[in-house]
Amino acid sequence: MKDGHTTIRVSSLGRYSDCARRWFAGIAPDEIKRAGFSIRDDSRNIAPAIGTAVHKSAELVLREKAKDGKLPPVTVATDIAVETLREDIRQGIAYDTQYSLNADDSMRQAAGMAAAYHGHIAPKIEPLMIEERLEAEVTWAVEPMILSGQPDVVAQEPGQLRDLKTAVRYGNHNAQAGGYALLLRSNGIEGINKASIDWMPRVRSSKPQPAPQEKAVPLAIAETAAPNILRHIDQDLHVWRHGDAQRGLLPGDPAAFVSNSSSNLCSARYCRCHSAGPNGFCLDWIKEEE
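First, a word on scope: everything that follows refers to the structure included in this document. (Residues numbered from 1 in each chain as written. Predicted model: local features only at pLDDT ≥ 70, side-chain atom pairs only at ≥ 80, totals over all residues. Heavy atoms only, no water.)

1. Concerning the packing of helix H5 (residues 74-90) against helix H6 (residues 103-121)
For step 1, the next point in the chain: H6 packs onto H5 with a crossing angle of 145 degrees between their chain directions and a minimal axis gap of 8 Å. Along this stretch, H5 crosses H6, giving a crossing that reads as right-handed. Residues Val74, Ala77, Thr78, Ala81, Val82, Leu85, Arg86 and Ile89 of H5 lie in contact with H6, whose contacting residues are Ala103, Ser106, Met107, Ala110, Ala111, Ala114, Ala115 and His118.
For step 2, the next point in the chain: Its residues assigned to classes, the contact of H5 with H6 shows 12 nonpolar, three polar and one charged. (Axes fitted to C-alpha atoms, helices over the stretch in contact; angles between N-to-C directions. Helix = DSSP H or I, 4+ residues; strand = E, 2+ residues; numbered from the N terminus. Left-handed = near helix turned anticlockwise from the far one by under 90°. Contact = heavy atoms within 4.5 Å. Nonpolar A, V, L, I, M, F, W, Y, C, P; charged D, E, K, R; others polar.)

Next comes the structure, spelled out in structure tokens:
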């Protein structure tokens, strides 16, 4: 909460569509605990840590380019990725069993992705804004909300909004791109007419790092998706905090947020509600024994 407003991160909009209850556990764990429900502590996983390291590398490379139009050596890009990840690993982290088996493995992946971004994406970009935090009040919402986000890059290509993703599989990022476009306009930045995702596939370190793929985002569709999701979020927050007599829901009922036990992310590895005990915020993950 910020000045009585719930902060909605643009990067979380896609997660809401997958499972609204898991989404709420991610953005408001303290509010859930105050209502008397339990959720597990948020574990630190290697995949987002690698993503953070590659983003840090891309940010540094583009900031250097913005100064004089020249990219720093590729070793600068790989060094910052490795050092950023190494610091995260020092604080304790969980590895996965397929793609990032240990610290050395993970740092090789981060360096490979940083080098690929430096070689394939950074040379094309003439940056205007790099990792700048933007906020805007959602004025029509019943529950006071602030939309907050940090687009990776706004470039001169023209009106080009770009976002970097490091993942094993490519997902649907329309809502996030649309949220960023709305934020830019709300902050007086006009002329954004194109958006794309720079997808850096995360592969096993035993394989060569593939070149990044540039995925165009249909901006008109994206700018419709983002406010649609925000309207559903507003409704859910209102029911959670005030109840809904027609549905027989009292304030503080987890059913205010629809769960999705069929989600690929419905597991203790990805969801703080999963396996959180008998008073957990979500028990819908429990399956009857066959």
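2. Quick look at the pairing of strand E3 (residues 134-137)
For step 1, the next point in the chain: In E3, alternate side chains face the same way, and those of Leu134 and Ala136 are buried while those of Glu135 and Glu137 on the opposite face are not.
For step 2, the next point in the chain: When E3 meets strand E4 (residues 145-149), the two strands line up antiparallel, connected through four bridges. Bridge pairing links Leu134 to Gly149 in E4. (Buried < 20%, exposed > 50% of the residue type's maximum accessible area, 1.4 Å probe, protein only. Pairing = 2+ DSSP bridges.)

3. As for the nonpolar core
For step 1, the next point in the chain: Grouped together as the largest cluster of nonpolar side chains are 47 residues, with contacts concentrated most on Ile8, Leu13, Phe24, Leu161, Ile233, Phe257 and Phe281.
For step 2, the next point in the chain: Contributions of two or more residues to this core are made by helix H1 (13-18), helix H2 (20-27), E3, E4, helix H7 (174-186), strand E7 (194-201) and helix H8 (219-242).
For step 3, the next point in the chain: Per-element accounting of this core gives the leading share, nine residues, to H8.
For step 4, the next point in the chain: Contacts of Leu161, omitting those with residues within four sequence positions, involve Pro151, Val153, Val154, Ala177, Tyr180, Ala181, Leu184, Ile192, Lys194, Ala195 and Ser196.
For step 5, the next point in the chain: If you look at the next biggest cluster of nonpolar residues, it comprises 29 residues, including Ile46, Val61, Ala81 and Ile130. (Core = buried A, V, L, I, M, F, W, Y, C linked by side-chain atoms within 4.5 Å.)

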